[in-house]
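Inside the fold
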Amino acid sequence: MLNDWKMQLYWHLPIRIQEAALSLYAKHLEKIYYNHIYEEWKQWLSGWKNWTPEYIKEWKEQRLQHIIETAAKHVPYYHNQWKDRNWKSIHTEADLHLIPTLEKQSLRRNEHAFITNGAKPKSLWLEKTSGTTGTSLKIYWPMLMVPQWYAVTEVMVRNIAGVEQETPRAMIGGRPIIPGDTKKPPYWRFNRRWKQLYFSSYHISQKTVAEYVEALKKYESQWMTGYGSAIATLAESALDDGINPYPIEAVIVSGDTLLRGMRQSIEQFFKCKCFDSYGQCEGVSMAMECLYGQMHIIPVVGITEILREDGTPCESGETGEIVATSLLNDAMPLIRYRTGDYAAWAEDQCCPCGNPNPIITNLIGRTDDYLITADGRKVGRLSTAMKRSPTIHSAQIVQDKPDHAFLLVRPGENYRLSHAEAIRDDILERIGKFDIEIIEVPEIPKTPQGKTVLVVRLDERPVMKEMYKKLIKRIDI
Ligand SMILES: [Zn+2]
């Protein structure tokens with residue numbers, strides 16, 4: 001990742017030089033991402049369909065025991081926390097309940113207490129989480145884990161969607177690719193070495209969309225990846241503008257909650273399947289949608305649990321928090337880490353695709369999707385209510401006061417006010433005394449990182465206040 005002064009320098013270079021720098025940087029990264037470990041893991045992983053349940057169980061148990069022992073003996077945080085715990089009796093994932101879950105807050109208080117003694121942060125790979133309220137976390141990975149992670153991504157994510165690293169692609173993420181005040185194309189940069197087109201997510205509009213589509217054609221992008229909300233905006237703007245569909249092989253989205261309307265627009269414009277995927281910088285859990293629309297857990301990355309508020313495991317079909325233990329990171333072990341994401345184990349665990357790995361459903365991204373009532377209660381899982389109506393394209397709750405919120409609704413086909421009212425009543429049933437005003441909007445605002453979140457508590461997102469003031473005339477903030 002480039003630091004600030006390097007970024008500043010980069011912005012001032014001519015585009016041609018910027019693109020050359022991107023290719024050069026990619027060449028440097030290849031030594032870290034795509035080295036012999038990557039090749040070995042790719043080879044090993046490509047046989048996953050033939051792995052027996054016993055084989056994968058044993059592999060995971062060996063890794064788990066290594067991680068637990070490393071943590072207990074060599075990681076200051078666990079060394080202290082587990083003094084009176086019987087960590088030696090943890091052999092399988094069924095024993096994990098013997099140790100407490102790990103809160104993001106504990107990690108935030110002292111990231112360095114989680115680093116294995118003797119490992120120097122400078123010799124590790126640094127991943128930064130995006131953090132909804134601007135408080136990002138530093139996660140250190142051992143260098144060995146980087147190519148392993150990329151091999152998993154290649155075999156268990158891209159290949160499942162029928163594409164690969166070498167296939168030309170376009171990507172829309174949260175990073176600024178071009179200066180924010182750019183008024184004319186290009187709204188992208190091209191990394192020739194990886195045939196990767198990086199689109200700015202902040203410049204997509206009805207006015208610019210034709211140029212975006214032209215860029216896809218020019219650079220022959222055959223698949224797309226990035227935030228679902230940004231790719232959906234591109235697809236919707238293009239469809240609204242009457243631009244002919246641009247057929248590609250696949251779209252793989254991650255990073256925000258994929259709503260029904262977004263998926264429809266993406267599939268309609270790109271004439272291919274839109275695959276949802278799940279992962280996080282913390283590197284503790286990963287899942288990928290198969291051709292049959294089921295989200296399968298990727299077992300080699302970590303051990304995934306779905307827990308209730310009280311820490312007990314959820315029944316199948318019951319939504320709970322994803323709590324996961326990395327099996328790859330022994331430099332900064334994250335054990336029973338509370339991801340802040342929610343999902344449920346699917347009631348039917350059989351999938352015609354033949355992938356035997358567990359299926360999760362009802363995945364709700366790290367939206368912190370709850371309201372805080374005047375008496376301080378957190379009322380969560382609101383997105384389940386909001387996902388209900390098929391006539392609503394997308395929706396968002398914006399809490400401006402302790403006892404008041406707006407329900408922003410972007411109408412879809414056959415929409416009626418009563419549909420939004422049903423959602424409001426469903427939410428009110430969970431909250432009790434609260435006031436929710438319904439407002440129809442042409443588009444749901446995104447965070448400065450370009451993500452769509454389902455609940456916005458404005459006091460925690462001061463930078464978004466101006467935007468909502470413009471959108472909601474009645475708002476008083
Ligand atoms: Zn499947």
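If you're wondering where the values come from, they're calculated on a predicted model, not measured in any experiment. (Residues numbered from 1 in each chain as written. Predicted model: local features only at pLDDT ≥ 70, side-chain atom pairs only at ≥ 80, totals over all residues.)

**Some details on the overall build of the protein chain**
When its secondary structure is counted, the protein chain shows 13 helices and 20 strands. Taking 23 Å as the expected radius of gyration for a compact globule of 477 residues, we find that the protein chain reaches 23 Å, a close match to that expectation. Projected onto the principal axes, the alpha-carbon positions of the protein chain cover approximately 60 × 60 × 50 Å. Considering only contacts in the protein chain between residues 6 or more positions apart, those separated by 24 or more positions represent 64%. (Helix = DSSP H or I, 4+ residues; strand = E, 2+ residues; numbered from the N terminus. Rg over C-alpha atoms; globule rule 2.2 N^0.38 Å. Contact = placed C-beta atoms within 7 Å.)

**Thoughts on the sheet that holds strand 19 (residues 435-440)**
Taken in spatial order, the four strands of this open sheet run 19-18-17-20, and their pairing is mixed. Only two strands of the sheet have a single neighbouring strand rather than two, namely strand 19 and strand 20 (455-457). Neighbour-to-neighbour, the strand axes of this sheet turn through a mean angle of 20 degrees, independent of strand direction. By the bridge criterion, eight bridges tie strand 17 (residues 392-401) to strand 18 (residues 404-411) in an arrangement that is antiparallel. Across the sheet, the residue bridging to Lys-401 is His-404, located in strand 18. The sheet strands contacting helix 12 (residues 417-431) are strand 17, strand 18 and strand 19, and the helix crosses strand 19 at an angle near 155 degrees. (Pairing = 2+ DSSP bridges. Axes fitted to C-alpha atoms, helices over the stretch in contact; angles between N-to-C directions.)

**Observations concerning the domain arrangement of the protein chain**
According to the domain assignment, the protein chain contains domain 1 (4-33 + 148-278), domain 2 (36-143 + 279-364) and domain 3 (371-471). A separation of 28 Å is found between the C-alpha centroids of domain 1 and domain 2. Each partner contributes residues to the interface: domain 1 has 19 residues there, and domain 2 has 22 residues. Examining the composition of the side of domain 1 that touches domain 2, we find that nine residues originate from one element, helix 7 (residues 145-158), more than from any other. Looking at the side of domain 1 that touches domain 2 residue by residue, the class counts come to twelve nonpolar, five polar and two charged. (Domains from an automatic or database assignment. Nonpolar A, V, L, I, M, F, W, Y, C, P; charged D, E, K, R; others polar.)

**Here we look at the nonpolar core**
Counting 100 residues, the largest nonpolar core has Val-152, Phe-199, Ile-231, Ala-250, Val-251, Ile-266 and Ile-298 as its most contacted members. Per-element tally for this core: the top contributor is helix 7, with nine residues. Taken domain by domain, this core gets at least three of its residues from each of domain 1 (4-33 + 148-278) and domain 2 (36-143 + 279-364). If we ignore the near neighbours within four places in the chain, the residues touching Ile-266 are Ile-231, Ala-232, Ala-235, Val-251 and Cys-274. Counting 22 residues, the second-largest nonpolar core is a separate cluster that includes Tyr-370, Val-409, Ile-423 and Ile-444. (Core = buried A, V, L, I, M, F, W, Y, C linked by C-beta atoms within 7 Å. Buried ≥ 20, exposed ≤ 12 C-beta atoms within 10 Å, placed from the backbone.)

**Topic: the packing of helix 9 (residues 228-240) against helix 10 (residues 260-270)**
Packing of helix 9 against helix 10 leaves a shortest axis separation of 8 Å and a crossing angle of 55 degrees. Comparing the axis directions of helix 9 and helix 10 gives the class oblique. Considering how the two elements wind past one another, helix 9 and helix 10 form a crossing that is left-handed. Counted together, Gly-228, Ser-229, Ile-231, Ala-232, Ala-235, Glu-236, Ala-238 and Leu-239 of helix 9 and Met-262, Ser-265, Ile-266, Gln-268, Phe-269 and Phe-270 of helix 10 form the full contact between these two elements. (Parallel < 35°, antiparallel > 145°, perpendicular 65-115°, else oblique. Left-handed = near helix turned anticlockwise from the far one by under 90°.)

**Remarks on helix 10**
All of the buried residues along helix 10 are Gly-261, Met-262, Arg-263, Ser-265, Ile-266, Phe-269 and Phe-270. Of the surrounding elements, those touching the buried residues of helix 10 are strand 6 (223-226), helix 9, strand 7 (250-253), strand 8 (274-278) and strand 17. Positive backbone phi, approximately 50 degrees, marks Lys-271, located one or two places after helix 10.

**Brief notes about the sheet that holds strand 8**
Taken together, twelve strands build an open sheet; the order of strands is 4-5-3-6-7-8-9-10-14-13-12-11 and the sheet is mixed. Of all strands in the sheet, those with a lone pairing partner are strand 4 (188-191) and strand 11 (302-307), marking the two edges. The sheet shows a mean angle of 30 degrees between the axes of neighbouring strands, taken without regard to direction. In terms of strand pairing, strand 3 (residues 169-172) meets strand 5 (residues 196-199) through four bridges, oriented parallel. Bridged to Ala-170 within strand 5 is Leu-197.

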